[in-house]
Amino acid sequence: MTVTGDDTTAQALRAELAARLVRKEWIRTPAVRAAFERAPRHLFVPDTVPVTDAYADEIVATKRGPDGKTMSSVSAPWLQAYMLEQAQLRAGARVLEVGSGGYNASLIAELVGPAGHVATVDIDADITARARAYLDHAGYPQVDVVQGDGDLGHPPGAPYDAILVTVEAGDVAPSWTQHLTPDGILVIPLRLRTLTRCLTLRRQEDHLVATAALQCGFVPMQGERRQLARRVPLRGNDIVLLLDDPIEVNTDALTAALDRPRVEVWAPVTITMDEGTSFESLHLWLASQPRPFGALTVDRKATEGLMDPQDRFTCPTLLADDSFAYLAMRKVAENDWQFGAHGFGPAAAKLAADLIELVTTWDRDFRHGAAPSITVHPAGTALPAAEHLQLAVPRRHTTTAITWPAPGSQR
């Protein structure tokens, strides 16, 4: 394909980006590599973005709200590559993208070829207008750009061999499963008790089974059908508690807890910075516990000396009526970090001790074993019996089950 507005610099940067993604093993197939080498990412970002930045392995914000928060972006290439590999797209496939920007749709168009069909839908008319203009300019007029609620899918193009959701979703919309072919693949960033995982879902009888799960972050879905995590400010926007469960919390008591001395407890568990996937497993283990749970979003600079969470965006947090404890970490050697817990409030010591016990159990029984199974079931259906810990995450349309294997059965 001859790309309008392309030049040798952009071509070289595309080749470098594709090679980098191959080295990091985000790209695993020749077809996905070829798509990244052809699709012109620099034509899908604002004109103010330098071409070198357009091909960096980072997100590029394309629309911000009045509060300055990103409402739409071109996702990081590594994550786009991962999702495309998971979707296993072939020439001639029919694909729906939920959440438009243009660039990802161009990658999909490269993969499915002229015999395939690509539809991209977004609720924001500004975003779809921009995506349409970008795609036309870049040489992809065949992509169907639809302005509408992505929660409803796009029935005229169904059935789809794959549906890729590129916004954070709180639930699996009925339309997405209804519009899939029997062997179709749904790739979706699904929020599970405040933690988002990019799930690769396939049908198995009356439910969906995740064949892969990866920690990720996306802008949240918009529209009246969206199901967002609740934000409970404890100290303005500097310390915010995120909640997914339908529980009530005493905001005044939790805010007052910050005025008490911080309790610190450290676990006999360490991690190196080369073990990034361990964070995913530990976070999901903590979220799987049948007890009050949330996540903290913290501005580290504004709360220096008070708060030091392991993750400043979604830090796992155990809750009580008037207290909380979150996952912490401290450097103990050149490349070694130790897990711990910071607690605030009258029950801080108990919550911190509980968190340390959970971290220690994870390290002993689950850190080096199989990941939990994640399945998505129609709301109201009975979940299959589990031999060990199973957490049900109910939503409007579905219930997601996170099931951990029994200790010893996975080794």
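Residues numbered from 1 in each chain as written. Predicted model: local features only at pLDDT ≥ 70, side-chain atom pairs only at ≥ 80, totals over all residues. Heavy atoms only, no water.

A. Looking closely at the pattern of salt bridges. Counting across every chain of the model gives 17 salt bridges. A salt bridge links R38 to E110, with the nearest nitrogen and oxygen atoms 2.7 Å apart. Taken as a pair, R38 in helix α2 (residues 30-38) and E110 in helix α5 (residues 103-112) lie far apart in primary sequence, 72 residues in all. A relative accessible area of 14% means that E110 is categorised as buried. For R225, the salt bridge identified is with E224, shortest N-O distance 3.7 Å. (Salt bridge = Lys/Arg side-chain N within 4 Å of Asp/Glu carboxyl O. Helix = DSSP H or I, 4+ residues; strand = E, 2+ residues; numbered from the N terminus. Buried < 20%, exposed > 50% of the residue type's maximum accessible area, 1.4 Å probe, protein only.)

B. Fine view of the packing of aromatic side chains. Applying the stated criterion to the full structure yields 11 aromatic pairs. Ring geometry for W26 against W78: centres 4.8 Å apart, planes inclined by 45°, an arrangement best described as tilted. Taken together, the residues W26 in the loop between α1 (8-23) and α2 and W78 in helix α4 (residues 77-87) connect sequence positions 52 residues apart. The exposure class assigned to W78 is partly exposed, which follows from its relative accessible area of 22%. Ring centres 6.2 Å apart and planes at 85° place the aromatic pair W26 and Y82 in the edge-to-face group. (Phe/Tyr/Trp six-rings, centres within 6.5 Å; stacked < 30°, edge-to-face > 60°.)

C. Quick look at the pairing of strand β11 (residues 239-243). Taken across its 5 residues, β11 has 5 buried, putting it largely inside the fold. Burial along β11 is two-sided: I239, L241 and L243 facing one way and V240 and L242 facing the other are all buried. Both strand β10 (residues 230-235) and β11 contribute to a ladder of 5 bridges, which runs antiparallel. Counted as the bridge partner of R235 is I239 from β11. A loop of 3 residues connects β10 with β11, the two strands running antiparallel in sequence, and G236 in this loop sits at a positive phi of about 60°. Relative to strand β13 (residues 293-298), β11 runs antiparallel, the two sharing 4 bridges. (Pairing = 2+ DSSP bridges.)

D. Representation of the nonpolar core. One finds W176, L186, I188, L296, M307, F324 and F339 to be the most contacted residues of the largest nonpolar core, which totals 74 residues. Setting aside anything within four residues of it in sequence, one finds W176 in contact with V98, G150, D151, G153, I163, V165, A169, D171, L186, I188 and M221. Counting residues in each nonpolar core, the second largest holds 51 residues, with I27, V49, L107 and I185 among its members. (Core = buried A, V, L, I, M, F, W, Y, C linked by side-chain atoms within 4.5 Å. Contact = heavy atoms within 4.5 Å.)

E. Just the packing of α2 against α5, in detail. The interhelical angle for the contact between α2 and α5, taken along N-to-C directions, is 130°, at an axis separation of 9 Å. Classified by the angle between their axes, α2 and α5 sit oblique to one another. α2 and α5 meet at a crossing whose hand is right-handed. Residues A31, V32, A35, F36 and R38 of α2 pack against Y103, L107, E110 and L111 of α5. Across the contact of α2 with α5, the residue classes tally to 7 nonpolar, no polar and 2 charged. (Axes fitted to C-alpha atoms, helices over the stretch in contact; angles between N-to-C directions. Parallel < 35°, antiparallel > 145°, perpendicular 65-115°, else oblique. Left-handed = near helix turned anticlockwise from the far one by under 90°. Nonpolar A, V, L, I, M, F, W, Y, C, P; charged D, E, K, R; others polar.)

F. Spotlight on the sheet that holds strand β5 (residues 144-147). Strand order in the open sheet made by the 10 strands is β5-β4-β3-β6-β7-β8-β9-β17-β19-β18, with mixed pairing throughout. The open sheet has two edge strands, β5 and β18 (390-394), and neither has a second partner. Between one strand and the next, the sheet's axes are offset by a mean angle of 20°, whatever the strand orientation. Pairing analysis gives 2 bridges linking strand β9 (residues 207-215) to strand β17 (residues 373-378), with the strands arranged antiparallel. Bridge pairing in β17 places L208 opposite V376. Its contacts with the sheet put α4 on β6 (160-165), β7 (180-192), β8 (195-204) and β9, and the angle it makes with β9 is roughly 150°. Of the strands in this sheet, β3 (94-98), β4 (117-122) and β6 are in contact with α5, which crosses β4 at around 165°.

G. Looking closely at empty space enclosed by the protein. All told, the structure shown has 3 cavities of 30 Å³ or more when counted by the stated rule. Taken as a whole, the largest cavity encloses approximately 70 Å³ of empty space. Here the lining of the largest cavity is composed, by residue class, of 3 nonpolar, 3 polar and 6 charged. (1 Å grid on protein atoms, 1.4 Å probe; cavity = no way out; pocket = protein on both sides within 12 Å on 5 of 7 lines; lining within 4 Å. Points joined across faces, edges and corners; volume = space filled by probe spheres on them.)

H. View of the sheet that holds strand β14 (residues 315-319). Strand order across the open sheet formed by 7 strands is β10-β11-β13-β14-β15-β16-β12, with antiparallel pairing between neighbours. The open sheet terminates on both sides in strands that have one partner only, identified here as β10 and β12 (263-272). Sheet twist, expressed as the average angle between the axes of neighbouring strands with direction ignored, equals 35°. Across 7 bridges, the pairing between β12 and strand β16 (residues 336-344) is antiparallel. Within the sheet, the bridge partner assigned to E264 lies in β16 and is H342. Sitting on the sheet, helix α10 (residues 348-365) is in contact with β12, β14, β15 (324-331) and β16, with an inclination near 15° to β12.

I. Representation of the environment of A173. Locating A173 in the fold gives a position in the loop between β6 and α7 (174-178). Take A173: its relative accessible area is 1%, and that puts it in the buried class. Considering only alpha carbons, one finds A173 and R396, 223 residues apart in sequence, at a separation of 9.0 Å. In contact with A173, other than residues within four places in its own chain, are D151 and H397.

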